[in-house]
Amino acid sequence: MERKGKIVSFIKILSIMAVFSIIFIIVGGGRRCLTLYNSDLAFHLNRIIGTENVLTHPINYTVFHQLGLGVNYFYPWLTILPIIWLMKLTHSIAVGYMLFLILFNTITGVIAYYSMKPIYKNNLKSLTFSVLYLFLFYRGLDLYRRADIGEFIAMTFMVVVFSALYQLIMGKKKAWIPLSLGMALIIYSHLLSAIITVIMCCLMLVLTWNYEKNWKFTVVELSKSIGATCLLSLGFLFPYLQQMKFGINPPATGNLPKLALSVTNLINNSLNNSWGDSLYTVPSLGIICLIFLVIGIVKAKNTKFEKTIYLLGIISVILSAKLFPWNLFQKHFALLQFPWRFLETASIFLLMYGVSATISSKSFFKSIGLIICSIIFFYFSANSIENTVKPSDQASSQNITSILSYDTADYIPQRAVNNHSINEHQFFNEKNEKVKLAHTETSTKSIINLHSYKGSVINTPILYYKGEKAMINGKELPVKESSRGTIEILNVPQNGKIEITSQYTKFARTGQIISVISLLVLMALMIQSYFRTKNY
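Because the structure is a prediction, the values reported are computed rather than measured.

Each value, and the rule that gives it
- Residues numbered from 1 in each chain as written.
- Predicted model: local features only at pLDDT ≥ 70, side-chain atom pairs only at ≥ 80, totals over all residues.
- Heavy atoms only, no water.
- Pairing = 2+ DSSP bridges.
- Helix = DSSP H or I, 4+ residues; strand = E, 2+ residues; numbered from the N terminus.
- Axes fitted to C-alpha atoms, helices over the stretch in contact; angles between N-to-C directions.
- Contact = heavy atoms within 4.5 Å.
- Phe/Tyr/Trp six-rings, centres within 6.5 Å; stacked < 30°, edge-to-face > 60°.
- Buried < 20%, exposed > 50% of the residue type's maximum accessible area, 1.4 Å probe, protein only.
- Disulfide = S-S within 2.5 Å.
- Parallel < 35°, antiparallel > 145°, perpendicular 65-115°, else oblique.
- Left-handed = near helix turned anticlockwise from the far one by under 90°.
- Nonpolar A, V, L, I, M, F, W, Y, C, P; charged D, E, K, R; others polar.

1. So, the sheet that holds strand β4 (residues 445–450)
Then step 1. The antiparallel open sheet is built from five strands, whose spatial order is β3-β4-β10-β6-β7. With one partner strand each, in any of the chains shown, β3 (438–441) and β7 (475–477) form the two edges of the open sheet. Taking the axes of each pair of neighbouring strands and ignoring which way they run, one obtains an average angle of 30° across the sheet.
Then step 2. Inspection of the sheet shows β4 paired to strand β10 (residues 496–502) by six bridges, in the antiparallel sense. Considered in β10, the bridge of K445 is made with T501.

2. Here we look at the environment of L450
Then step 1. Inspection of the secondary structure puts L450 in strand β4.
Then step 2. With 32 residues separating them along the chain, L450 and S482 place their C-alpha atoms 20 Å apart.
Then step 3. When near neighbours in sequence (up to four residues on either side) are disregarded, L450 contacts L437, I458, V492, P493, Q494, N495, G496 and I498.

3. Some details on the environment of R145
Then step 1. By the secondary structure assignment, R145 is in helix α7 (residues 137–145).
Then step 2. R145 sits 84 residues away from T229 along the chain, and the two C-alpha atoms are 31 Å apart.

4. Notes on the packing of aromatic side chains
Then step 1. Scanning the entire structure with this criterion turns up 41 aromatic pairs.
Then step 2. Pairing F43 with Y75 gives two aromatic rings, centres 5.7 Å apart and planes at 55°, and the pair type is tilted. Taken together, the positions of F43 in helix α2 (residues 39–49) and Y75 in the loop between α3 (71–74) and α4 (81–90) put the pair 32 residues apart, joining distant regions of the chain. The exposure classification of F43 matches that of Y75, with both residues buried.
Then step 3. Each ring, one from F74 and one from Y465, has its centre 6.2 Å from the other, and the planes form 50°; the classification is tilted. Pair noted here: F74 is in helix α3 and Y465 is in the loop between β5 (458–463) and β6 (468–472), with a separation of 391 residues, a long-range link.
Then step 4. Within the aromatic cluster, the residues linked to one another by ring pairs are F43, F64, Y73, F74, Y75, F236, Y240, Y406, Y411, Y465 and Y504.

5. Digging into the state of the cysteines
Then step 1. In this structure the tally under the stated criterion is zero disulfides.
Then step 2. Free of any disulfide, C230 has its nearest cysteine sulfur in C202, 13 Å distant.
Then step 3. Take C289: it sits in no disulfide, and the sulfur closest to it among the cysteines is that of C373, at 14 Å.

6. Examining unusual backbone geometry
Then step 1. One non-glycine residue with positive phi stands out, namely H91, at about 60°.
Then step 2. Inspection of the secondary structure puts H91 in the loop between α4 and α5 (93–120).
Then step 3. A positive phi is found at N273, a non-glycine position, where the angle reads about 55°.
Then step 4. Among the structural elements, N273 can be located in the loop between α13 (263–272) and α14 (287–298).
Then step 5. Given a relative accessible area of 6%, N273 falls into the buried group.

7. Brief notes about the packing of α7 against helix α8 (residues 149–169)
For any two helices packed against each other, the geometry comes down to the angle between their axes and how far apart the axes lie.
Then step 1. Contact geometry for α7 and α8: axes closest at 8 Å, N-to-C directions at 150°. Considering their axes alone, α7 and α8 lie roughly antiparallel with respect to each other. In this structure, α7 crosses over α8, and the sense of that crossing is left-handed. Facing Y138, R139, D142 and L143 of α7, the residues of α8 in contact are I149, E151, F152, M155 and T156.
Then step 2. In terms of residue class, the contact of α7 with α8 is built from five nonpolar, one polar and three charged.

Listed below in structure tokens is the structure:
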């Protein structure tokens, strides 16, 4: 009967989250999240479409201006795979993307509910948190204005990590398992979010050092989690580290002291509750989290959990603002780009605190009021973005050609930076003379057609990464990196079709195999734990 009750409860929570996920899309303006305000959406759509055959071929030759950009080596792709599957299933970029958002928001709500339930020990609190979390200001900013799908996805698993770590510190057995899974999924979603999460986890350990009497247990369980996270993440980290050794141009850096928010701007932006307009992004906490921040200041008594979470929220706010001396850390943290990225953790912690501090088992109407206000604020945030958008400004299957022509210098070989001959798809022979060659691209191949070619070397405009090879009539041709960071093919015949393709190296495949085995072992432990304790 107990197990049947849990199943019924799960179905109820799933249904509630599905409804609110649909409301999320409707209130957010439907396809507004596919508006090409800036290059970020074009970048991520190329990344999504580029995962079509990523399990077997890491490079897709039809995206990113058809130059064979190896973005999948450097930007995590596992959690965006369902998007391309849905796009292929529906034969539509827009429908597939929107369907993913509905499904993922439903899953996010369920994850948030079950992550916070062991801490709140209250169904209403957990439900309130999970719904408010769906309509969190920063999640909307990530999706509708910044089009940062990786960070948007990573935020879901941050709740799992922070909840599991707190439970681990407080002595809960087996909490290291969800902690490991959550952290690994963040790594497979967004690397910068993983770094921010690690920083906040370290701060949580510092703030709770006097809470736990049995630190031996904490250290042992935490060590298990770190080990499991590393093993689970090798599938991405091995190919990433291997390719980085060959001189890859990193993403653009930011001036951290300049881009950090002033306290005045942070407060004003939060009160305005605006994501920005068609030209500018306006980062903030949003009204709801700002109110919870104020409540924390005036509330006299707080539980241990509330004190810890509130302090972490305040620290996150300080890190996002000019209150923190970012000039001292510019050299080592420039890739963070924007200090206000810490508003994602500030929002999570302040929401955790606010729900805990204001909602009780008898606060049904207060909970309903908060949810309604959150949805209304979300609606006005969405409408703060210029909504007179032309159909041509929205990504769709009709303008996919222009989207796939998007070009970037991120993650290209350093030799290829600022080399316009590559962007112009120019070929050269061994004498460094331009040659005209017919070529076509598929998702897994770049094909060069040879007809009486006079020469033995082709310097192609296809970017060079370890693991790429050139084949003709089933025979592999020797390749090397050219002086401009592209694939140079040697011993070229006069006629035939040369097919350039990519594959994972043995080192990369080893990491993936270790990760899969680690996941299977972890799943077995979870199943074993469920039947022993019925806690999962």
